[in-house]
Amino acid sequence: MAEVLVLVDHANGAVKKPAAEMLTLARRIGEPTAVFIGPGAETAKDLLARYGAEKIVAVSDPSVGEYLVAPQAEILAQLVEQSSPAAVLIPSNAAGKEIAARLAIKTGSGLITDAVDVQAGDGGPETTQSVFAGSYTVKAKVTTGTAIITVKPNSTAPEQASGAGAFEELTPQLSDAAKAAKITASEPKKKSGRPELNEAAIVVSGGRGTGGDFSPVEGFADSLGAAVGASRAAVDAGWYPHTSQVGQTGKQVSPQLYVAAGISGAIQHRAGMQTSKTIVAINKDEEAPIFELVDFGVVGDLFQVLPQATEAVQGKKG
Ligand code: FAD
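Residues numbered from 1 in each chain as written. Predicted model: local features only at pLDDT ≥ 70, side-chain atom pairs only at ≥ 80, totals over all residues. Heavy atoms only, no water.

Asks: Could you give me a rundown of the pairing of strand β13 (residues 227–230), with the residues and numbers involved?
Replies: By the alternation rule, side chains of β13 split into A227 and G229 and V228 and A230, which are all buried. Sheet analysis places strand β12 (residues 202–206) next to β13, joined by four bridges and oriented parallel. Looking at the pairing, V204 lines up with V228 of β13. In terms of handedness, the path from β12 via helix α5 (residues 215–224) over to β13 forms a crossover that is right-handed. (Buried < 20%, exposed > 50% of the residue type's maximum accessible area, 1.4 Å probe, protein only. Helix = DSSP H or I, 4+ residues; strand = E, 2+ residues; numbered from the N terminus. Pairing = 2+ DSSP bridges. Right-handed = clockwise from strand over helix to strand, strands pointing away.)

Asks: Could you give me a rundown of the domain arrangement of the protein chain, with the residues and numbers involved?
Replies: Taken domain by domain, the protein chain comprises domain 1 (3–179) and domain 2 (202–317). The C-alpha centroid of domain 2 is placed 32 Å from the C-alpha centroid of domain 1. Taken together, the contacts link seven residues of domain 1 with eight residues of domain 2. A buried area of about 560 Å², summed over both sides, lies between domain 1 and domain 2, and 40% of it is on carbon and sulfur atoms. There are zero salt bridges connecting domain 1 and domain 2. The interface formed by domain 1 and domain 2 includes one residue pair in polar contact (both at pLDDT 80 or more). In terms of residue class, the side of domain 1 that touches domain 2 is built from two nonpolar, four polar and one charged. (Domains from an automatic or database assignment. Contact = heavy atoms within 4.5 Å. Buried area = accessible area lost by both parts, 1.4 Å probe. Salt bridge = Lys/Arg side-chain N within 4 Å of Asp/Glu carboxyl O. Polar contact = N/O pair within 3.5 Å; in protein donor to acceptor, adjacent residues only side chain to side chain. Nonpolar A, V, L, I, M, F, W, Y, C, P; charged D, E, K, R; others polar.)

Asks: Give a description of helix α4 (residues 94–107) that names residues and reports values.
Replies: The terminal C-alpha atoms of α4, which comprises 14 residues, lie 20 Å apart, in line with the 20 Å expected from a rise of 1.5 Å per residue. Considered for burial, the residues of α4 that qualify are G96, I99, A100, L103, A104 and T107. Looking straight down α4, one finds that the buried residues subtend no more than 135 degrees of arc, so they occupy a single side. Exposed side chains of α4 directed beyond 90 degrees from the buried face belong to A94 and I105. The secondary structure elements touched by the buried residues of α4 are β1 (3–7), α3 (70–83), β6 (87–91), β7 (111–121) and β10 (147–151). Where α4 ends, the next residue or the one after it, G108, has phi of about 60 degrees, a positive value. (Expected span 1.5 Å × (residues − 1). Arc of directions from axis to C-beta.)

Asks: Please give an account of a nonpolar patch on the surface that cites residues and values.
Replies: A surface patch of nonpolar side chains, amounting to about 350 Å² of accessible area, comprises F132, Y136 and V138. Turning to its location among the elements, F132 is positioned in the loop between β8 (124–131) and β9 (136–141). Relative accessible area serves as the criterion here: at 64%, F132 is assigned to the exposed category. (Patch = residues over 30% accessible without salt bridge, like charges linked within 9 Å, V, L, I, M, F, W, Y side chains within 5 Å. Areas by Shrake-Rupley, 256 points an atom, 1.4 Å probe, with all protein chains shown as cover.)

Asks: A description of the sheet that holds β8 should follow, citing residues and the corresponding values.
Replies: With mixed pairing, the nine strands of this open sheet are ordered in space as β9-β8-β7-β10-β6-β1-β4-β5-β11. What marks the edges here is a single partner per strand, and that holds for β9 and β11 (166–169). Along the sheet, successive strands turn relative to each other by an average axial angle of 30 degrees, direction set aside. Sheet topology note: the strand β5 (residues 55–59)/β11 ladder contains four bridges and is parallel. Note on β11: the bridge partner recorded for A58 is E169. Strands in contact with helix α2 (residues 41–50) are β4 (31–37), β5 and β11; relative to β4, the strand with the most contacts, it is inclined by about 155 degrees. (Axes fitted to C-alpha atoms, helices over the stretch in contact; angles between N-to-C directions.)

Here you go:
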């Protein structure tokens, strides 16, 4: 069976959910090798094997972390040259897309971004790709070189499958070009205790209808273990940070459940959330365009609806 490389997304060794999702997809098209760059591979290896990694290639050399993404692309290119895998799966986030683009150029391979599904096909993996901010899905396959594919978080439910998890340490040979930009300082983000917006299974977003009071939105999100998002109107008003903006000029999310509270449903907002599996809206105006794309809609005041919904969820848990 052909090898499939999976670049493991992690935060200081803590493996993120998209890694398990990509290992699950990788098993459909070949034998997954997890590529773990950075500290913590020893701790992560059992989990990676549990989600099907037959092999784990660890690059623990701390010097790699001193630079931006270029060394990661170079390490993957070395592995592609060594073993000619059928595909390389990379998380579809800002860093992942840059790594994928560099890797495709280095290896003369085709690149598919924002895949939401990967299946085995004749002569190589076939992907379903979400394009034009989720307005269309496209079936695509790579016809030249190794298939370099970036995969959107929440594309599939992670499935456990015991892989052999053979562990290998790689000492990379980095070129001067890969070390051309060095990280000079980094500060950890303030932790909210909520999941990352891109990766969350549930997102609760607030808009101008909150009037700047996000407490009902946050309360409902916390009752569900959800991430909090915001419309641009809310971000532009300074009520919520830009990192939480959902939409054309913000983040594009695809959670299992998206709740829009006090958001009208402008086309630019839809561009960031319309691929969500289930969409719920709460809006005072029954004519609001958001109701055109919802699975469930509540016509009502978010300041009444959200606290009641929060109480109901907490009641169920208690
Ligand atoms: P509004 O359109 O003002 O809607 C507020 C809604 O809240 C209304 O429907 C109202 O009925 C409802 N409401 C009011 N009070 C309550 C209440 N108490 N309870 C329940 N409902 C209530 N927008 C984005 O979101 N993301 C983007 O990335 C983005 N990018 C853009 C890029 C460009 C180039 C442009 C031109 C625009 C972009 N926009 C983006 C802006 C977009 O066009 C809208 O202006 C914006 O999405 C509106 O935000 P909103 O729905 O919160 O506000």
